[in-house]
Each structure stands twice: as structure tokens, then as C-alpha cells.
Amino acid sequence: MARRNGGALLLLLPAFLLGLLCSHLGYYKAYGITVETDNKLVKAREFEGAYLNCKHNAKKQSDTRVEWKKISGKDVSFVYFQGSFIGNFKGRAEIRHSSIQIKNVTRKDSGKYRCEISTPSEHGQEAGETEITLLVLVPSAVPVCEVPISAMSGTVVELRCKENEGVPASKYRWYRNNFPLSESLMLGNVKKDRLPYAMNTTSGTLLFNHVSKNDTGEYYCEADNEIGQPQKCPVKRMQVDDLNVSGIIAAVVIVALIIASCGLGVYYAQKKGYFSKKKSSSRNSSKYKPGGNEKDFKHTKSFII
Ligand SMILES: *[C@@H]1O[C@H](CO)[C@@H](O)[C@H](O)[C@H]1NC(C)=O
């Protein structure tokens, strides 16, 4: 009994392996030819060249059709079709076997590309494809900085710095009086240092929860993504004052403005003769009406008398 079972097992094992192999071959055939790339993520600086590699194992090279498409979300557009480049790829790209070389990439070329290979076979058409992501690297632009000119001590103040061109996104660093401010030490979302500010190098913000007079200074920020040179915004001064001082200054300024505007108003009114005109017109009307009234009154009076 045991021997028979053992023999059956010995027969079953090769059969099983053969079946596995056959199903694998079938699987392979259903999928057609193999299409691969050496580099699934191509990074290239803007205005330089990019090589998108695509290779396949189709036997009849002459009958093999090569197509390239660009995929942007749901939109699929042709890059290379029926032996020529399409649209804005015309004249600035060349085909090398089934790979493509773009001579002068711009940031708009970033995205997903698909290499599609098809070839006729005895079972009809066989096809395969592979996808490649092209990331066009762009240096940081000059950032825009928001620094308040003045602030009251004890208040919350946030300085902002941002540029929108850099690929990959820039990191930001703030400087005060030409010294770099050290990055906040974070543990998760909890600040773990005694610095009077929190600098976020990703968002570009410099946050003071209680700004103090010591924070007065000349501020600027630097954006850097290590593709080009670091870029800085113009220096801006932030003046932090105690409530009293700025309150008094504000009050004085407001009072001075009120006095000045009153004075100006009176001056222009007088210059335009606003006062004298009003006087003369009121004089005229008072002269006429009471005069008429006086006459009537006199008449009536005389009549009565
Ligand atoms: C920094 O800013 C980014 C983007 O706004 C945010 O996702 C991140 O949580 C911030 N980091 C800290 C430590 O607050």
C-alpha cells in the first residue's frame, strides 16, 4: 500500500510541475512580448536632455510597432506614432530603437510616459508596454517674503516665505541680521527646544508665539532645492515694540492727522469762499423777504390805520 502510494506520488510530482510550467507558458503568451525599461524614474534638469529607455524581446524587429504616449491623469496623448513624433515633440526628440531621447526638456514635460510595443505573431497581435516617469528638475525661484514692519511684543507673529517654481520643492531657511536661525527641534508635532520661534523649513514659515523686543531685526529667507543656486528674498526690517510705546505713537499720529485734516479742511473752505458765500446769500434772502414782509406789513398797517 505504502509503496503504491509512493509510486503515485513520484508520478504526480513531475505531472504537477509540467502543468505549472504549461500554465506559466500560457500566461506568458497571453501577455505577449516582454517590454521593460532600465530606468522607471528619469530625472533631468530643465533645458537639458532626457533619455527614456524602452526595450522588448519581439523577434521580428521589422514588423514591430513602437508607440509612445504621455499620460496626464485621464488624458492620453501621442508622443510617437507611426514612425514620427507628434505635437511639440516634433523636432526635439529622436527615436533610438524603441527608446526616445528628448533633447530639450521643459517643466511641462514632467509626467508619465508609456512605451507600447506590438508585433504580429501566428496567434494574431502580441503586445506589451512599460511606464516611465519623467521628472524635470527646476531650480528654486526668488522667494516672496512677508515680514510685518512692526509688531507689538507679546503677540503672535508669522513670517512667510514661498517660491512656486522649484522641483523638487524648496526648503526654506530664515536669517536674522545675516545669521541663519536654527531649525526647530520637533518630536512629532511637539516642539522640543527653547527657541522663541518655530521655523518650518517645508512651509517656509517662521512663527513667534510671543514676539519680543529682542526679535527686532533685519530678516530674509533663503529657498534652496539643490538644483540651482539658493535664492533669497530682499531684507525686511521687523520692529517689535511694547504696547505703550506703539500705542502712544499711534495716538500721537492719529491726533496729528485729525488736527492736520481739520486745519486743511478749514483752509480750503475759506479759500473756496464757502463761508463768505453762505453769509452773502443768507444776507440777500433776509434782506428781500423781511423787506417784502415789511412792505406788506406796512400796507396792511396803513390800510388798517
Ligand atoms: C511644516 O509645514 C508642513 C506644510 O505646511 C506641514 O505638513 C508640517 O506638518 C509642518 N511641520 C511642522 C513640524 O509643523
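The notes below deal with the structure included here. (Residues numbered from 1 in each chain as written. Predicted model: local features only at pLDDT ≥ 70, side-chain atom pairs only at ≥ 80, totals over all residues. Heavy atoms only, no water.)

Details of unusual backbone geometry
The omega angle of the peptide bond from V167 to P168 is 0 degrees, so this bond is cis rather than trans. Even without being a glycine, H97 presents a positive backbone phi close to 60 degrees. Its relative accessible area of 80% is what places H97 among the exposed residues. A positive phi is found at N177, a non-glycine position, where the angle reads about 45 degrees. Examined against the element boundaries, N177 turns out to sit in the loop between β15 (171-176) and β16 (179-180). Given a relative accessible area of 40%, N177 falls into the partly exposed group. (Buried < 20%, exposed > 50% of the residue type's maximum accessible area, 1.4 Å probe, protein only. Helix = DSSP H or I, 4+ residues; strand = E, 2+ residues; numbered from the N terminus.)

Quick word on a nonpolar patch on the surface
A cluster of nonpolar side chains, contributed by I249, V253 and L257, occupies part of the molecular surface with about 270 Å² of accessible area. Along the chain, the position of L257 falls in helix α2 (residues 243-271). (Patch = residues over 30% accessible without salt bridge, like charges linked within 9 Å, V, L, I, M, F, W, Y side chains within 5 Å. Areas by Shrake-Rupley, 256 points an atom, 1.4 Å probe, with all protein chains shown as cover. Salt bridge = Lys/Arg side-chain N within 4 Å of Asp/Glu carboxyl O.)

Considering the packing of aromatic side chains
Centre-to-centre distance and the angle between the planes together describe a pair of aromatic rings. Scanning the entire structure with this criterion turns up seven aromatic pairs. With centroids separated by 6.3 Å and ring planes inclined at 85 degrees, the aromatic side chains of F89 and Y113 adopt a geometry described as edge-to-face. With F89 in the loop between β7 (84-85) and β8 (93-96) and Y113 in strand β10 (residues 111-121), this pair connects stretches of sequence that are 24 residues apart. One exposure class covers both F89 and Y113, and it is buried. Ring centres of Y175 and Y220 lie 4.8 Å apart, and the angle between their planes is 5 degrees; on these two criteria the pair is classed as stacked. One end of the pair, Y175, is in strand β15; the other, Y220, is in strand β21 (residues 217-224), with 45 residues separating them in the sequence. The exposure class assigned to Y220 is buried, which follows from its relative accessible area of 7%. Sitting over the face of the ring of F89, R92 holds its NZ or CZ atom 5.0 Å from the ring centroid. (Phe/Tyr/Trp six-rings, centres within 6.5 Å; stacked < 30°, edge-to-face > 60°. Lys NZ or Arg CZ within 6 Å of the ring centre and 35° of its normal.)

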